[in-house]
Amino acid sequence: MAPKKNDKASIKKDIVQHSVETLCRNPYNLDKLAVYQATAYSVRDRLLEDWNMTQEAIHKENPKRCYYLSMEFLIGRALDNALHCLEVKDVYKESVKDLGFNLEDLLQQERDAALGNGGLGRLAACYMDAAATLDYPTWGYGLRYQYGIFKQLINSDGYQIEMPDYWLDSNGNPWEFPRNDVRYEVQFYGYVATKVNEKGESRMSWEGGDRVQAMAYDVPIPGFDTKGCGNIRLWASKSLKTFDFASFNDGDYDRSVADQKNAENLTSVLYPNDNHLVGKELRLKQEYFFVSASLQDIIHRFKRSNCAWKDFPDKVAVQLNDTHPTLAIPELQRILVDIEGLDWDAAWDIVTRVFAFTNHTVLPEALECWSVPMMEHILPRHMQIVYDINLFFLQKVEKMNSDRGLLNRVSIIEESNPQQVRMAYLAVVGSHTVNGVAALHSDLVKTELFKDFVSYYGPEKFINITNGITPRRWLYQANPDLRDLITETLGGNHWVTHLDDLKGLTKYADDADFQAKWMNIKLKNKVRLASWIKANLDITVDPRSLFDIQVKRIHEYKRQFMNILGVIYRYKNLQLLSAEERKDVTPRVVIFGGKSAPGYYVAKMVIKLINTVAQVVNNDDSIDGLLKVVYIPDYNVSLAEIIVPASDISQHISTAGTEAAGTSNMKFVLNGGLILGTVDGANIEIRDEIGEENIFMFGTLADKVADIRHQQKYHGVEIDPNLQVVLQSIQSGEFGGPETASVFGPLINTLTYGGDYYLISADFEKYLDAQDKVDETYKDTAAWAKKSILCTAGMGFFSSDRATREYADKIWNIKPVNIKEAAV
Ligand code: RUG
């Protein structure tokens, strides 16, 4: 087939053709949605050429491949990204203009692929972008949820309301290729029997139970400045029986389709919890369904290469993104021993050379454990295998150190009632490498979370790979004016794939002209956000104010509560100032965004408090518009693309030691936004890269947190006096009246009776001081501009290209494929 041409006439012809032939639309009756779709299909055709070439090149070269197993991929929109990667955005703009449409309007028609909760899923998407850009033979595997993360509405009382996100609505999804021919059976329940094989050996066999089918959908992931195109293969559950005619004939219509519905329900919904375990049976089934289908597919591909099992680890690397896919470990062991007939030790040697595990949290409530009775019921053979893995592991530990306490501590089975399988321990034991996601986090992983494992295995197994973000989406695409200025200044766009080039901006940091251009772009981005806020929320904000942003999942450890308490403090102070004193005040717009897990009461109360405060502050004319509070509902990837470039300061204020890395911090700084942050996660490395004079850091250090908690336990919480004033103002009904005040009682109790676990009181004074510094610094526009430029200039290290290369070199042992040459 002749390759697609990228001239205007060909593109227009393709769009019209898709409108008529794919969408069945009359060319004289096209709306924006239809033209978006037709445009998307025409771009997909072009991507497909690169996709096929890439897969062919990999097939020919047959290198070691890496499979990135992640229950979440927070991809966002695809069209704009693909247009940039294919370098056809301008010609498409012209083409749709000729057809009577504006490309930017069309881009807004696309629904986000929101198959993730937050940082973990977005990280997976950034790594797939980098792997495609760097031509690594890497595929992502995930689940094709019909409902992504819920849509968040804020009702008139300021509460979060959840609505289903049926992103695969009747309009279809141009960004996936259904693979009707790629289907596997996945088994659940049943029992374990002993069977004798042809060689007369007795083997365990998993029998009976239910079966569902996994069908593949491929999502192409374009690389930048390469013909390479990566792939994320998502599994959807389907019934093996389509229709029960017996029930139908008996008049039982519901039952006749029940099987199909039940099977399809399996991949229906993404669990909306971030950093929190839910322990539901359906979730366990999702996890097994996911790893079973993925491993069958990986093995199918491996077998086509005619290699022996002993070569499997030389051809296949599997990265477990968190513990969610950990069942892949006992599943591969089961396949090798029960089905392929390898002996236990040979199989285990293969397993432990294939898997590697990324830990993303040290929070106890996020560490996955599954009850043994539930596992026995759903996955009886896997439970036996986990017991055996544990037994052999503990026997080895015992040889080194027979301390009973140690054996208990490292056991994969927790002796609670009922017993639990500790998935993180299973992941450690079954993997060759374990990595944390930022330096401090990886340190805590070694010294606290997996301390006993480090003393058994030695420290080499535990490494750090600091997270990274893709500069393609998070600067090149989201901030076109800054992109153009950087490209012009650095003499080309080499920086987009070599982010260290940004260092070249350092020499312009003091240049007044450059500073003016830089700050003008920031202002333009703030105007864009202010217009969005006006159009969507009917709140007027002045773009010349300091934009202070905290957008991320709402969680106690992220301390949005501290932020809004600080806002109340600021508001009360403003009320006390004279007109003269007010002249010296830096006007602020404090912007929040983020979803709470639907069942997370305290987080939902924080959202309610923010909205209640916003209501009062925004309607108080007496403060001369010096403070505005905005809650942006339904924060998602597409909104982030508008919000991130508009920040002057963004807050990353988790209690030290709780945020594994954070990645939004990187996005803001890359776009010249300064950070107000704690000494936590990747903030620390950002400080090291951009210079401590360019970041506002404050708060208790991680190694002091335990002491303070201990003190509080025995002596109670001493509430900071400024905080006391703020709490009293909430309790007195200043925000929403006396009835609303009582609603906030339980939230305030988390600081007092609850023991202030997240150290809001202990950090409050330092937080306010840091905020004062921000205000003061902002008054000096040239000093601020310099810091902003140096922020961007220092961010080279945080490219997902660097992080992905580290995974490839240190863990996966894979090399890029030469796509052009191999495809010839
Ligand atoms: O909370 C962490 C973030 O700190 C981190 O940046 C991100 C990517 O590594 O992962 C987040 N995370 C951790 N999301 N879920 C978990 C635990 O399952």
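Owing to the predicted nature of the structure, the values given are computational and were not obtained by experimental measurement. (Residues numbered from 1 in each chain as written. Predicted model: local features only at pLDDT ≥ 70, side-chain atom pairs only at ≥ 80, totals over all residues. Heavy atoms only, no water.)

1. Some thoughts on the nonpolar core
Argument step 1. Within the largest apolar cluster, 257 residues are counted, with the highest numbers of intra-cluster contacts made by Trp-235, Phe-312, Phe-450, Leu-529 and Leu-565.
Argument step 2. Excluding residues that lie within four positions of it along the chain, Leu-565 makes contacts with Leu-723, Val-726, Leu-727, Ile-730, Leu-751, Ile-760 and Phe-764. (Core = buried A, V, L, I, M, F, W, Y, C linked by side-chain atoms within 4.5 Å. Buried < 20%, exposed > 50% of the residue type's maximum accessible area, 1.4 Å probe, protein only. Contact = heavy atoms within 4.5 Å.)

2. Quick word on the sheet that holds strand β13 (residues 355-358)
Argument step 1. Taken in spatial order, the 9 strands of this open sheet run β7-β10-β11-β4-β1-β12-β13-β17-β18, and their pairing is mixed. Edge positions in the sheet fall to β7 (177-188) and β18 (462-464), since each has one partner strand and no second. The sheet shows a mean angle of 25° between the axes of neighbouring strands, taken without regard to direction.
Argument step 2. Examined bridge by bridge, strand β4 (residues 138-143) and strand β11 (residues 229-238) share 5 bridges and lie parallel to one another. In the strand pairing of β11, Gly-140 is matched with Ile-232.
Argument step 3. Strands in contact with helix α16 (residues 423-430) are β13, β17 (433-436) and β18; relative to β13, the strand with the most contacts, it is inclined by about 140°. (Pairing = 2+ DSSP bridges. Helix = DSSP H or I, 4+ residues; strand = E, 2+ residues; numbered from the N terminus. Axes fitted to C-alpha atoms, helices over the stretch in contact; angles between N-to-C directions.)

3. Digging into the pattern of salt bridges
Argument step 1. All chains considered together, the criterion is met by 53 salt bridges.
Argument step 2. Among the salt bridges present, the one from Asp-98 reaches Lys-8, with a minimum N-O distance of 3.2 Å. With Asp-98 in helix α4 (residues 89-98) and Lys-8 in helix α1 (residues 8-22), this pair connects stretches of sequence that are 90 residues apart.
Argument step 3. On the basis of relative accessibility, which here comes to 41%, the residue Asp-98 falls in the partly exposed class.
Argument step 4. Exposure remark for Lys-8: the relative accessible area of 32% places this residue in the partly exposed category.
Argument step 5. With a closest N to O distance of 3.3 Å, Lys-227 and Asp-50 form a salt bridge. Of this pair, Lys-227 sits in the loop between β10 (210-222) and β11 while Asp-50 is found in helix α2 (residues 32-61), placing the two residues 177 residues apart along the sequence.
Argument step 6. What makes Asp-50 buried here is its relative accessible area of 5%. (Salt bridge = Lys/Arg side-chain N within 4 Å of Asp/Glu carboxyl O.)

4. A word on α1
Argument step 1. Between its terminal C-alpha atoms α1 stretches 20 Å, which fits the 21 Å expected from 15 residues at 1.5 Å a residue.
Argument step 2. For α1, the set of buried residues is Ser-10, Ile-11, Asp-14, Ile-15, His-18 and Ser-19.
Argument step 3. Between the side-chain oxygen at the start of α1 and the backbone nitrogen of Ala-9 there is a gap of 3.3 Å, and the oxygen is on Asp-7.
Argument step 4. Cys-24 occupies a position one or two residues after α1 and carries a positive phi of about 60°. (Expected span 1.5 Å × (residues − 1). Polar contact = N/O pair within 3.5 Å; in protein donor to acceptor, adjacent residues only side chain to side chain.)

5. Quick notes on helix α29 (residues 721-731)
Argument step 1. Every buried residue belonging to α29 is among Leu-723, Val-726, Leu-727, Ser-729 and Ile-730, and all of these are buried. Across the axial projection of α29, the buried residues extend over an arc of 155°, all falling on one side.
Argument step 2. On the buried face of α29, the contacting elements are α22 (560-576), α24 (601-618), α30 (737-743), α31 (745-749) and α32 (760-779).
Argument step 3. With a side-chain oxygen positioned 2.9 Å from the backbone nitrogen of Asn-722, the residue opening α29 is Asp-720.
Argument step 4. In the stretch just after α29, Gly-733 is the one whose phi turns positive, near 90°. (Arc of directions from axis to C-beta.)

6. Side note on the pairing of strand β9 (residues 202-207)
Argument step 1. Pairing analysis gives 6 bridges linking strand β8 (residues 191-196) to β9, with the strands arranged antiparallel. By the bridge assignment for β9, Val-192 is matched with Trp-206.
Argument step 2. Remark: 5 residues form the turn of the hairpin made by β8 and β9, two consecutive strands paired antiparallel; Gly-200 in that turn has positive phi of roughly 80°.

7. Some remarks on the sheet that holds strand β20 (residues 588-593)
Argument step 1. The strand order β21-β20-β19-β22-β23-β24 describes an open sheet built from 6 strands, whose pairing is parallel. The open sheet has two free edges, formed respectively by β21 (627-632) and β24 (696-698), since each of these has just one partner strand. Here the strands of the sheet are splayed against their neighbours by 15° on average, with no regard to which way each runs.
Argument step 2. Those strands touched by helix α27 (residues 683-690) are β22 (649-652), β23 (674-678) and β24, and its axis lies near 135° from that of β23.

8. Thoughts on the side chain of Gln-55
Argument step 1. Here Gln-55 lies in helix α2.
Argument step 2. The exposure class assigned to Gln-55 is buried, which follows from its relative accessible area of 13%.
Argument step 3. Non-local contacts of Gln-55, meaning those with residues more than four positions away in its chain, are made with Trp-139 and Cys-229.

9. Regarding the environment of Gly-662
Argument step 1. Following the sequence through the fold, Gly-662 ends up in the loop between β22 and α26 (664-670).
Argument step 2. Put simply, Gly-662 and Arg-353 are 309 residues apart on the chain and 29 Å apart in space, counted from C-alpha to C-alpha.
Argument step 3. Among all residues touching Gly-662, those that are not within four sequence positions of it are Asn-467 and Ala-682.

10. Section: the UniProt feature "modified residue: N6-(pyridoxal phosphate)lysine" (unreviewed entry) in the protein
Argument step 1. Mapped onto the present numbering, the UniProt feature "modified residue: N6-(pyridoxal phosphate)lysine" (unreviewed entry) falls on Lys-667.
Argument step 2. Following the sequence through the fold, Lys-667 ends up in helix α26. (UniProt positions renumbered as here; feature names shortened; annotations may be inferred.)

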